[in-house]
4 protein chains.
Amino acid sequence: MEQKARVLIDCKDEKGLVYKISKVFYERDLNIDSNREFVDKEQGKFFMRTVVTGDFDLAELELALGAISPSDAHIRIITPKDKHIVLMVTKESHALGDILIRHAEGALGAKIECIISNRSTLQSLVERFNIPFFYVPVEGLEREEHERKMMEILAKFHFDYIVLAKYMRILTSVFVQAYTQKIINIHHSFLPAFIGANPYKQAFDRGVKIIGATAHYVTDDLDEGPIIAQDVIPVNHRLTWKDMQNAGRDGEKVVLSRALTLVLSDRVFVNGNKTIIF
Amino acid sequence: MEQKARVLIDCKDEKGLVYKISKVFYERDLNIDSNREFVDKEQGKFFMRTVVTGDFDLAELELALGAISPSDAHIRIITPKDKHIVLMVTKESHALGDILIRHAEGALGAKIECIISNRSTLQSLVERFNIPFFYVPVEGLEREEHERKMMEILAKFHFDYIVLAKYMRILTSVFVQAYTQKIINIHHSFLPAFIGANPYKQAFDRGVKIIGATAHYVTDDLDEGPIIAQDVIPVNHRLTWKDMQNAGRDGEKVVLSRALTLVLSDRVFVNGNKTIIF
Amino acid sequence: MEQKARVLIDCKDEKGLVYKISKVFYERDLNIDSNREFVDKEQGKFFMRTVVTGDFDLAELELALGAISPSDAHIRIITPKDKHIVLMVTKESHALGDILIRHAEGALGAKIECIISNRSTLQSLVERFNIPFFYVPVEGLEREEHERKMMEILAKFHFDYIVLAKYMRILTSVFVQAYTQKIINIHHSFLPAFIGANPYKQAFDRGVKIIGATAHYVTDDLDEGPIIAQDVIPVNHRLTWKDMQNAGRDGEKVVLSRALTLVLSDRVFVNGNKTIIF
Amino acid sequence: MEQKARVLIDCKDEKGLVYKISKVFYERDLNIDSNREFVDKEQGKFFMRTVVTGDFDLAELELALGAISPSDAHIRIITPKDKHIVLMVTKESHALGDILIRHAEGALGAKIECIISNRSTLQSLVERFNIPFFYVPVEGLEREEHERKMMEILAKFHFDYIVLAKYMRILTSVFVQAYTQKIINIHHSFLPAFIGANPYKQAFDRGVKIIGATAHYVTDDLDEGPIIAQDVIPVNHRLTWKDMQNAGRDGEKVVLSRALTLVLSDRVFVNGNKTIIF
């Protein structure tokens with residue numbers, strides 16, 4: 001029976017890896033539809049993403065690849081089924097709305113399981129799309145307690161990624177480490193410029209001629225996680241910082257959209273504090 | 001009483017126009033918040049957009065400006081109130097959805113009066129937002145008759161612009177001339193490249209390294225109207241033409257969004273087959 | 001006799017300035033070829049650049065404009081004659097070479113008076129173009145003494161701007177203040193990202209997906225002067241930091257070229273730590 | 001002895017090619033430094049570029065690869081030595097100058113053998129760089145005769161590519177076919193927009209908001225050859241077509257530079273009327 005799989009392998013670099021891996025595919029009569037490979041020479045690490053088609057037994061294929069790979073190899077064989085995601089938002093609707101529209105037209109490549117917010121602002125928008133919305137107010141709660149309530153909700157769902165679509169509270173280390181390499185954020189500046197609060201105001205005060213947006217994995221270090229996608233838009237002296245904020249929103253949603261497309265099609269490897277994108 | 005107005009004047013060029021116009025404002029003790037002026041020397045035409053604040057009588061101000069301007073002058077004094085628009089769509093939701101989200105959050109700068117479509121595909125999406133949706137099927141109708149039915153619906157609404165948010169049928173000269181300089185279209189190529197049907201397929205076949213989108217006023221000449229905004233995105237050999245179509249959608253909605261912001265804030269003059277944008 | 005002048009005025013904002021200034025032009029029968037005006041409401045400052053043609057006496061016009069302007073007004077009437085510039089370089093040739101080529105073809109809009117360097121590397125390139133090259137070695141000199149030698153050379157030339165075309169030493173406050181608003185630098189990052197040494201290495205280490213270049217006026221605060229022009233180029237995981245450096249050079253020279261064109265055509269006002277560009 | 005080579009293979013697609021090719025490398029104990037592969041499914045064609053290091057005999061390696069490849073395979077094993085190029089120019093110096101500067105600093109990746117022109121305008125610039133310049137006037141010559149004279153000069157040099165750095169005469173089919181896939185041109189528009197004469201004037205007349213440049217292989221069909229690189233820059237109503245031409249020059253030289261870097265590092269496959277770029 002003809003199947004398709006994305007095979008992702010990363011491990012320490014060794015001579016002959018492309019040969020050995022392609023031999024496994026060849027011996028099983030699998031077609032290589034596309035293949036990208038990268039060696040990080042500085043770190044001595046090997047990364048490869050191959051799309052194969054043919055008739056294979058997933059467990060057997062995984063075993064065979066494991067047998068010829070270095071012992072530290074991280075092997076993923078992903079057969080095409082929709083990803084599942086959870087969104088976290090605060091009160092701005094542009095990034096969320098963009099995702100909802102693509103979800104509604106079947107163009108997102110993922111099913112949205114639920115949306116969690118520390119504000120009720122976006123509830124009515126979300127409910128137009130018949131997606132569960134959980135409002136978890138912060139009032140009277142310690143940060144840890146607030147996150148614990150959100151984690152209780154998250155525990156009820158199966159999901160591949162948590163997407164912070166303009167969630168405007170800083171997450172604790174406990175929360176972040178509970179979902180390692182699973183949280184994706186959109187930051188409203190071309191990082192590492194304008195780290196921290198109100199980047200558009202910072203950009204206005206500095207008098208820059210370009211502003212930007214950055215989608216990245218969330219790690220313990222605020223605004224320091226591996227960058228997935230970035231883009232910029234030109235600005236000029238006629239814009240107030242509010243104008244910049246408005247102008248920046250189109251950039252934010254487009255960059256987040258681009259990052260999600262890459263992540264959901266398994267094109268992104270995390271390599272230390274960087275990403276490799278095939 | 002403090003008021004604000006955008007004053008737009010275009011006429012044949014003459015010496016002293018900036019002086020005479022600013023004198024009218026000065027004598028009425030109006031503040032000039034911003035001012036942009038352009039002379040098309042080739043055509044001998046003058047264009048000026050001034051934002052004034054102060055206490056004025058609109059009719060009196062118009063009279064005074066008319067008195068000092070050349071006889072062909074086209075003078076508009078626009079006080080801030082929301083514009084009204086009508087959308088026409090076919091079956092793609094990305095451009096429409098982007099406008100609906102911005103409308104819902106109050107960021108569009110216009111009230112959507114209704115949405116007309118030759119297909120029923122987008123009805124359920126539109127109805128989530130409680131906006132009247134009129135489905136006007138084309139089956140069994142001559143083109144003229146189909147348009148007449150749409151014009152009957154349009155006649156019931158007051159609107160400033162008709163926005164073609166991926167309306168995929170060619171409009172007749174009768175329709176276009178009924179709404180001169182009021183119809184705005186998004187075309188899925190960086191015009192004038194790839195005029196006509198299926199520009200992404202054309203772009204794929206030509207092997208270009210950039211694709212784009214163009215927002216323009218609709219005139220009798222298909223894809224030849226005055227261009228308001230354009231942008232491009234890079235592509236490569238790995239994309240099929242379907243991939244290009246998907247990649248292009250973000251560009252289309254962003255370019256249309258940018259064009260609408262310009263038009264709805266009265267920053268666009270039409271100058272023959274071109275635009276002047278302040 | 002028909003003359004042309006760029007009139008630049010900046011002062012505190014007041015009601016009626018556009019009227020009063022355009023009245024001065026009108027009374028002298030001057031044509032306004034183009035006009036741009038901007039009010040910085042936050043700072044209460046007015047900026048205007050007007051190109052006028054007609055028959056005028058420069059001193060009389062300056063007096064007349066001074067009479068109707070606020071007492072703090074900074075008025076410049078610039079008649080078209082080539083600017084004069086001096087270049088300072090170290091050892092990279094891309095930014096210098098670009099300027100030399102445009103100078104040789106008469107497209108720079110300025111005459112290069114001389115080129116000063118702390119290295120001899122570029123001497124032979126410069127001499128191909130018959131421009132005086134002064135090699136001022138740093139060996140055995142205190143920073144202040146080195147700069148004093150360069151200032152002695154500079155004192156022999158008349159120039160409007162000093163262009164740092166990849167001059168890789170930090171200038172002291174004494175030097176910078178001797179040429180206020182006259183020193184233009186190209187920095188190899190999209191400031192304020194990657195301030196300081198080796199921005200490409202920093203960009204590589206951070207794993208960004210865009211790198212950039214920034215042209216700015218030099219002030220006492222290193223890399224903090226008013227930004228004139230910026231641009232970015234996309235990068236990916238396949239580039240080493242040396243590759244980024246090479247890729248960045250095209251960006252550097254193009255951004256510097258764009259900034260020089262703006263400055264040399266008197267389109268740039270410095271407004272505190274920002275620029276206004278007409 | 002450690003050697004390095006770029007191995008480029010294109011042939012009809014077959015199952016097992018990656019395996020068979022990497023086996024050849026593996027059996028010779030060669031390291032794969034980088035590898036990119038692409039299958040054009042529509043055409044059933046396979047493309048692969050691999051950089052290998054190790055101790056190999058070039059002829060033996062070529063034989064071994066030929067033995068396992070389909071009979072139509074086009075195999076190139078390129079060891080690092082500088083490419084050689086010839087330039088053809090008319091009278092604009094920006095593209096030529098950019099190449100000369102990079103050549104002078106050793107950053108071009110190719111040795112310029114000579115420069116041929118139908119005008120004498122650029123002779124003095126070229127001679128500053130001690131490169132042979134051949135002026136072949138067109139006066140009184142049939143097009144074929146003019147080209148024959150240039151071909152006589154070309155015959156005296158060994159070169160990999162002819163770069164048309166703003167050579168403004170159309171080449172005949174005879175000339176083009178004498179140097180198949182060896183002629184690279186920079187066209188001053190984002191092809192296929194504004195094919196033919198004076199694209200900036202065409203762009204001005206059409207009122208576009210972006211202009212561009214395209215580097216492509218020259219084929220018999222004017223402006224229709226495989227595109228290597230493209231880029232655009234924004235323009236507005238304030239630019240005359242001469243201004244657009246000036247603004248476009250930076251784009252032209254940067255796009256040509258980028259295309260040359262790709263071609264000279266053997267990253268470009270021609271695939272019918274398109275390119276594949278690794």
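J.: Whenever I open this one, the relation of the copies chain A and chain B confuses me. Can you help?
T.: Applying a rotation about an axis and a shift along it to one chain copy brings it onto the other copy. Under the fitted operation, chain A is carried onto chain B by 0.0 Å of movement along the axis and a turn of 180°, and the coordinates agree to an RMSD of 0.0 Å. Classification of the inter-copy transformation places it as that of a two-fold axis. Using C-alpha coordinates, one finds that chain A approaches the rotation axis most closely at Arg128(A), a distance of 2.7 Å. Mapped onto chain B, 100% of the interface residues of chain A again fall at the interface, so both copies present the same surface.

J.: Before we go on, may I ask you to explain the packing of aromatic side chains in this structure?
T.: Aromatic rings considered in pairs are described by the distance between their centres and by the relative angle of their planes. Under the defined criterion, the tally for this structure stands at 34 aromatic pairs over all chains. When the centroid spacing of 4.5 Å and the interplanar angle of 55° are considered together, the rings of Phe190(A) and Phe190(C) count as tilted. Highlighted residues: Phe190(A) in the loop between strand S9 (183-187) and helix H7 (199-206) and Phe190(C) in the loop between strand S9 (183-187) and helix H7 (199-206), drawn from two different chains. When its relative accessible area of 1% is taken as the criterion, Phe190(C) is described as buried. Both rings, one in Phe47(B) and one in Phe269(B), keep their centres 5.4 Å apart while their planes meet at 70°; by these two values the pair is edge-to-face. Taken together, the residues span a long stretch of sequence, with Phe47(B) in strand S3 (residues 45-54) and Phe269(B) in strand S12 (residues 268-271) at a distance of 222 residues. Phe269(B) sits in the buried class, given a relative accessible area of 1%. Looking at Lys274(A), its charged tip hangs above the ring of Phe204(C), at a distance of 3.3 Å from the centre.

J.: I'm lost on the sheet that holds strand S3 (residues 45-54) of chain A in this one. Help?
T.: Within a sheet, neighbouring strands are paired by backbone hydrogen bonds and run either parallel or antiparallel to one another. Spatial strand order, S4(A)-S1(A)-S3(A)-S2(A)-S2(D)-S3(D)-S1(D)-S4(D): eight strands in an open sheet with antiparallel pairing. The sheet is open, and its two edges are formed by strand S4 (74-78) of chain A together with strand S4 (74-78) of chain D, each paired on a single side. Adjacent strand axes in the sheet meet at a mean angle of 10° when their direction is disregarded. Relative to strand S3 (residues 45-54) of chain D, strand S1 (residues 3-12) of chain D runs antiparallel, the two being bridged by 10 bridges. The residue bridging Asp10(D) from the neighbouring strand is Phe47(D), located in S3(D). Packing of helix H1 (residues 17-27) of chain A onto the sheet brings it into contact with strand S1 (3-12), strand S2 (31-40) and S3 of chain A together with strand S2 (31-40) of chain D, and relative to S3(A) it is tilted by some 20°.

J.: Which parts of the structure should I look at to understand the interface of chain A and chain B?
T.: The extent of an interface is frequently quoted as the accessible surface area lost upon association of the parts. Contact with chain A, which involves 18 residues of that partner, is made by 18 residues of chain B. A buried area of about 1700 Å², summed over both sides, lies between chain A and chain B, and 47% of it is on carbon and sulfur atoms. Looking only at chain A, the three residues that lose the most surface to chain B are Ile101(A), Arg128(A) and Arg238(A), adding up to 33% of its buried area. Between the two partners, chain A and chain B, sit two salt bridges.

J.: Which parts of the structure should I look at to understand the interface of chain D and chain B?
T.: Contact with chain D, which involves 30 residues of that partner, is made by 30 residues of chain B. Taken as a group, Arg206(D), Lys209(D) and His237(D) account for 28% of the area that chain D buries against chain B, more than any other trio of residues on that side. The interface formed by chain D and chain B holds two salt bridges in total. Taking the shortest distance from any N to any O, the salt bridge between Glu224(B) and Arg206(D) comes out at 3.5 Å. Here chain D is connected to chain B by 16 residue pairs in polar contact (both at pLDDT 80 or more). Secondary structure elements with two or more residues in the side of chain D that touches chain B: helix H7 (199-206), strand S11 (227-234) and strand S13 (274-277) of chain D. With five residues, the top contributor of residues to the side of chain D that touches chain B is S11(D). Its residues placed into classes, the side of chain D that touches chain B shows 16 nonpolar, six polar and eight charged.

J.: Where do I start with the domain arrangement of chain A in this structure?
T.: Residue and element names in this part refer to chain A. Segmenting chain A into domains produces domain 1 (3-78) and domain 2 (83-277). Counting from both sides, the interface comprises 12 residues of domain 1 and, opposite them, nine residues of domain 2. Regarding the contact of domain 1 and domain 2, the summed buried area is about 890 Å², with carbon and sulfur atoms giving 52% of it. Looking at the side of domain 1 facing domain 2, the largest losses of area belong to Arg 6, Phe 47 and Arg 49, adding up to 50% of the total buried there. In this structure, the connection of domain 1 to domain 2 is made through one salt bridge. Counting across the interface, domain 1 meets domain 2 through five residue pairs in polar contact (both at pLDDT 80 or more). Broken down by secondary-structure element, the contributors of at least two residues to the side of domain 1 that touches domain 2 are S1, S2, S3 and S4. The class makeup of the residues in the side of domain 1 that touches domain 2 is six nonpolar, no polar and six charged.

J.: Would you mind going over the side chain of Asp223(D) with me for this structure?
T.: Note that Asp223(D) resides in the loop between strand S10 (210-217) and S11. The buried charged residue Asp223(D) lacks any salt bridge partner; its closest oppositely charged side chain belongs to Arg206(B), at an N-O distance of 7.6 Å. In terms of polar contacts, Asp223(D) uses its side chain to reach the backbone amide nitrogen of Gly196(D), at 3.1 Å. Other than its neighbours up to four places away in sequence, Asp223(D) contacts Arg206(B), His187(D), Leu191(D), Ile195(D), Gly196(D) and His216(D).

J.: What exactly am I supposed to notice about the packing of H1(A) against helix H2 (residues 58-68) of chain A here?
T.: Helix-helix packing is characterised by the crossing angle of the two axes and by the distance between the axes. Residues and elements named next belong to chain A. The geometry of H1 relative to H2 is characterised by a closest axis approach of 10 Å and an angle of 155° between their N-to-C directions. Taken together, H1 and H2 sit at an angle that is classed as roughly antiparallel. Remark: the crossing between H1 and H2 carries right-handed chirality. Side by side, H1 and H2 meet where Lys 20, Ile 21, Val 24 and Phe 25 of the first sit next to Leu 61, Ala 64, Leu 65 and Ile 68 of the second.

J.: Would you explain the pattern of salt bridges in this entry?
T.: As a working rule, side chains carrying opposite charge can pair if their charged atoms are close by. All chains considered together, the criterion is met by 76 salt bridges over all chains. In this structure, Lys15(B) and Asp29(C) form a salt bridge, with 3.5 Å as the shortest nitrogen-oxygen distance. One end of the pair, Lys15(B), is in the loop between strand S1 (3-12) and helix H1 (17-27); the other, Asp29(C), is in the loop between helix H1 (17-27) and strand S2 (31-40), on a second chain. Assessed through its relative accessible area of 34%, Lys15(B) is described here as partly exposed. By relative accessible area, Asp29(C) is classed as partly exposed at 49%. Linking Asp205(C) and Lys201(C) is a salt bridge whose minimum nitrogen-to-oxygen distance equals 3.0 Å. With Asp205(C) and Lys201(C) both in helix H7 and four residues apart, the pair spans about one turn of that helix. Using a relative accessible area of 41% as the deciding quantity, one classes Asp205(C) as partly exposed. Overall, the relative accessible area of 28% leaves Lys201(C) in the partly exposed class. One continuous salt-bridge network, built from bridges that share partners, spans Lys23(A), Glu27(A), Arg28(A) and Glu60(A).

J.: Got a minute to help me understand the sheet that holds S9(A) in this structure?
T.: Residue and element names in this part refer to chain A. Taken in spatial order, the seven strands make up an open sheet running S7-S6-S5-S8-S9-S10-S11, and their pairing is mixed. The outermost strands of the open sheet, each flanked by one partner alone, are strand S7 (133-135) and strand S11 (227-234). The sheet shows a mean angle of 20° between the axes of neighbouring strands, taken without regard to direction. Bridge analysis of strand S5 (residues 83-89) against strand S6 (residues 110-117) gives seven bridges, and the strand direction is parallel. In the strand pairing of S6, His 84 is matched with Lys 111.

J.: For this particular structure, what's the right way to read the relation of the copies chain D and chain B?
T.: When chain D is fitted to chain B, the residual RMSD is 0.0 Å, and the transformation amounts to a turn of 180° plus an axial shift of 0.0 Å. Same-surface contact between copies: 100% of interface residues of chain D are shared with the interface of chain B.

J.: Would you mind going over the packing of helix H8 (residues 241-264) of chain C against helix H8 (residues 241-264) of chain D with me for this structure?
T.: Orientation of H8(C) relative to H8(D), taken along the N-to-C sense of each, is 175°, at an axis distance of 11 Å. Taken together, H8(C) and H8(D) sit at an angle that is classed as roughly antiparallel. Along its contact with H8(C), which presents Asp250(C), Val254(C) and Ser257(C), the element H8(D) presents Asp250(D), Val254(D) and Ser257(D). Here the contact of H8(C) with H8(D) is composed, by residue class, of two nonpolar, two polar and two charged.

J.: I'm lost on the environment of Ser93(D) in this one. Help?
T.: Residue and element names in this part refer to chain D. Following the sequence through the fold, Ser 93 ends up in the loop between strand S5 (83-89) and helix H3 (94-104). A relative accessible area of 5% places Ser 93 in the buried class. Sequence separation between Ser 93 and Asp 29 is 64 residues, and the spatial gap between their C-alpha atoms is 48 Å.

J.: Which parts of the structure should I look at to understand the pairing of strand S6 (residues 110-117) of chain D?
T.: Every other side chain in a regular strand lies on the same face of the sheet, so the side chains alternate between the two faces. Burial analysis of S6(D) places seven of its eight residues in the buried class, which makes it a mostly covered element. With H3(D) bridging S5(D) and its parallel neighbour S6(D), the resulting β-α-β unit is right-handed.

About the criteria used
- Residues numbered from 1 in each chain as written.
- Chains lettered and ligands numbered in written order.
- Predicted model: local features only at pLDDT ≥ 70, side-chain atom pairs only at ≥ 80, totals over all residues.
- Heavy atoms only, no water.
- Least-squares fit on C-alpha atoms with pLDDT ≥ 70 in both.
- Contact = heavy atoms within 4.5 Å.
- Phe/Tyr/Trp six-rings, centres within 6.5 Å; stacked < 30°, edge-to-face > 60°.
- Helix = DSSP H or I, 4+ residues; strand = E, 2+ residues; numbered from the N terminus.
- Buried < 20%, exposed > 50% of the residue type's maximum accessible area, 1.4 Å probe, protein only.
- Lys NZ or Arg CZ within 6 Å of the ring centre and 35° of its normal.
- Pairing = 2+ DSSP bridges.
- Axes fitted to C-alpha atoms, helices over the stretch in contact; angles between N-to-C directions.
- Buried area = accessible area lost by both parts, 1.4 Å probe.
- Salt bridge = Lys/Arg side-chain N within 4 Å of Asp/Glu carboxyl O.
- Polar contact = N/O pair within 3.5 Å; in protein donor to acceptor, adjacent residues only side chain to side chain.
- Nonpolar A, V, L, I, M, F, W, Y, C, P; charged D, E, K, R; others polar.
- Domains from an automatic or database assignment.
- Lys, Arg positive; Asp, Glu negative; His and termini not counted.
- Parallel < 35°, antiparallel > 145°, perpendicular 65-115°, else oblique.
- Left-handed = near helix turned anticlockwise from the far one by under 90°.
- Right-handed = clockwise from strand over helix to strand, strands pointing away.

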